[in-house]
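Architecture at a glance
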Amino acid sequence: MSSSAPAPASARPVRVLLVEDDELMRRSFTVALERYGYRMTAEADGLAGLERFRDESFDLLVLDVMLPGLDGIGLCRRVRETSLVPVLMMSARGDGLDVVAGLEAGADDYVVKPVDTYVLVARIRSLLRRATYAPAPEPGRAADDGPSPAEGRSLVFGDLTVDTGGMEVCVAGRPVALTPTELKLLLEFAAHPGIVLERHTLLRNVWEYGWDGDSRVVDLCVQRLRRKLGRDRIETVRGFGYKLRR
């Protein structure tokens, strides 16, 4: 589906919580995203956004970094204490400080303002696809042929177990909660154990960037995976990328 085409009317409305303190931007984003079929809820400060998030159910959060009361980075951290909902950060600065802080707080992706509506919708759709991701069957394999080697089975790498059918991850028998982006990144590594994956390949396959993206999103998501899976599980190959140790 083209990123410029509105969502079909028959689809269940996706609930998006937008937290943006600039009134003009808040109204502009709300109107624009509603035209694409999203069901929008907007708040002007971080504390109000946190309260609304706790009171209602949302499919995705769009958070500005600079917010009164509780900034977007602090809000993202509070959300991550209880939820794996996809989070898209918006930053007005291009110096990287907000980007790194937001991704370290648990955000899945970011955009720099001013942002074109088509770009914003494309990043939202990519996040939502990750949230409903399932490994694709092999070409030519019928549904009744049973699971392919890449789907519907458990992959074991030392004390790490990845259930590609149930989308569950365990370390030493203990379940590990991953965000949709973290899970898709791990599945990409698990599909190519021992093989070095370059950053631009991961940006394309996980974040769905069709253009040169910011490799910091890869680096910081790998750091978050290491904290959850063990620091030695994903190896850095300097000058190339990362690989999952068998």
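First, a word on scope: everything that follows refers to the structure included in this document. (Residues numbered from 1 in each chain as written. Predicted model: local features only at pLDDT ≥ 70, side-chain atom pairs only at ≥ 80, totals over all residues. Heavy atoms only, no water.)

Quick notes on the overall build of the protein
Helix and strand counts for the protein stand at 8 helices and 12 strands. Within the span of the protein, comprising 246 residues, buried residues form 48% of the whole. Summed over all atoms, the accessible surface of the protein reaches about 12100 Å², with 51% contributed by carbon and sulfur. (Helix = DSSP H or I, 4+ residues; strand = E, 2+ residues; numbered from the N terminus. Buried < 20%, exposed > 50% of the residue type's maximum accessible area, 1.4 Å probe, protein only. Areas by Shrake-Rupley, 256 points an atom, 1.4 Å probe, with all protein chains shown as cover.)

Structural notes on the sheet that holds strand β11 (residues 234–237)
If you trace the 3 strands from one edge of the open sheet to the other, you get β10-β12-β11, paired in antiparallel fashion. For this open sheet the edge positions go to β10 (197–198) and β11, each flanked by a neighbour on one side alone. Each of β10, β11 and β12 (241–244) touches helix α6 (residues 180–190); the most contacted strand, β12, lies at about 75° to it. Sitting on the sheet, helix α8 (residues 216–229) touches β11 and β12, and the angle it makes with β11 is about 145°. (Pairing = 2+ DSSP bridges. Contact = heavy atoms within 4.5 Å. Axes fitted to C-alpha atoms, helices over the stretch in contact; angles between N-to-C directions.)

Some points on the packing of α6 against α8
Put simply, α6 and α8 touch, their axes get as near as 10 Å, and they point 85° apart. Between α6 and α8, the angle is such that the two are roughly perpendicular. In this structure, α6 contributes T181, E182, L185, L186 and F189 to the contact, and α8 contributes C221, V222, R224, L225, K228 and L229. Across the contact of α6 with α8, the residue classes break down as 7 nonpolar, 1 polar and 3 charged. (Parallel < 35°, antiparallel > 145°, perpendicular 65-115°, else oblique. Nonpolar A, V, L, I, M, F, W, Y, C, P; charged D, E, K, R; others polar.)

Some details on helix α1 (residues 23–35)
Across its 13 residues, α1 extends 18 Å between first and last C-alpha, which sits within 8% of the 18 Å expected from 1.5 Å per residue. Of the residues making up α1, those classed as buried are R26, F29, T30, A32 and L33. On its buried side, α1 packs onto β1 (15–19), β2 (39–43), β4 (87–91) and α5 (117–131). Where α1 begins, the side chain of D22 points an oxygen toward the backbone nitrogen of L24, at a separation of 3.1 Å. (Expected span 1.5 Å × (residues − 1). Polar contact = N/O pair within 3.5 Å; in protein donor to acceptor, adjacent residues only side chain to side chain.)

A short note on the sheet that holds strand β7 (residues 160–163)
Taken in spatial order, the 4 strands of this open sheet run β6-β7-β8-β9, and their pairing is antiparallel. Each edge of the open sheet is held by one strand with a lone partner, namely β6 (154–157) and β9 (174–175). Pairing geometry for β6 and β7, over 4 bridges, is antiparallel. Bridge assignment links S154 to a residue of β7, and that residue is D163.

What to know about the environment of H192
Examined against the element boundaries, H192 turns out to sit in the loop between α6 and β10. Overall, the relative accessible area of 29% leaves H192 in the partly exposed class. As for H192 and R246, which are separated by 54 residues in sequence, their C-alpha atoms are 9.7 Å apart.

Points about unusual backbone geometry
The omega torsion of the bond from K113 to P114 falls at 0°, within 30 degrees of zero and hence cis. Mapping P114 onto the fold places it in the loop between β5 (109–112) and α5. A positive phi angle, close to 55°, is found at A172, a residue other than glycine. If you trace the backbone, A172 turns up in the loop between β8 (168–171) and β9. The exposure class of A172 is partly exposed, given its relative accessible area of 46%.

Describing the nonpolar core
Membership of the largest hydrophobic core comes to 53 residues, with the highest contact counts inside it found for L61, M89, L160, V169, L185, F189 and W207. Every residue in contact with L61, bar those within four places of it in the chain, is listed here: L17, F53, V79, V85, P86, V87 and L88. If you look at the next biggest cluster of nonpolar residues, it comprises 19 residues, including L33, Y36, V115 and L127. (Core = buried A, V, L, I, M, F, W, Y, C linked by side-chain atoms within 4.5 Å.)

Points about the packing of aromatic side chains
This structure, assessed with the given rule, holds 0 aromatic pairs. Cation over ring: R123 sits above Y209, and NZ or CZ is 4.0 Å from the ring centre. (Phe/Tyr/Trp six-rings, centres within 6.5 Å; stacked < 30°, edge-to-face > 60°. Lys NZ or Arg CZ within 6 Å of the ring centre and 35° of its normal.)

Topic: the pattern of salt bridges
Pairing of side chains with opposite charge becomes possible as their charged atoms draw close. Under the defined criterion, the tally for this structure stands at 16 salt bridges. Among the salt bridges present, the one from E235 reaches R245, with a minimum N-O distance of 3.2 Å. Linking E235 in strand β11 with R245 in the segment after β12, this pair joins segments that are 10 residues apart in sequence. Taking the relative accessible area as the measure of exposure, R245 reaches 35% and is therefore partly exposed. Among the charged side chains, a network of salt bridges with common partners joins R15, E43, R52 and E56. (Salt bridge = Lys/Arg side-chain N within 4 Å of Asp/Glu carboxyl O.)

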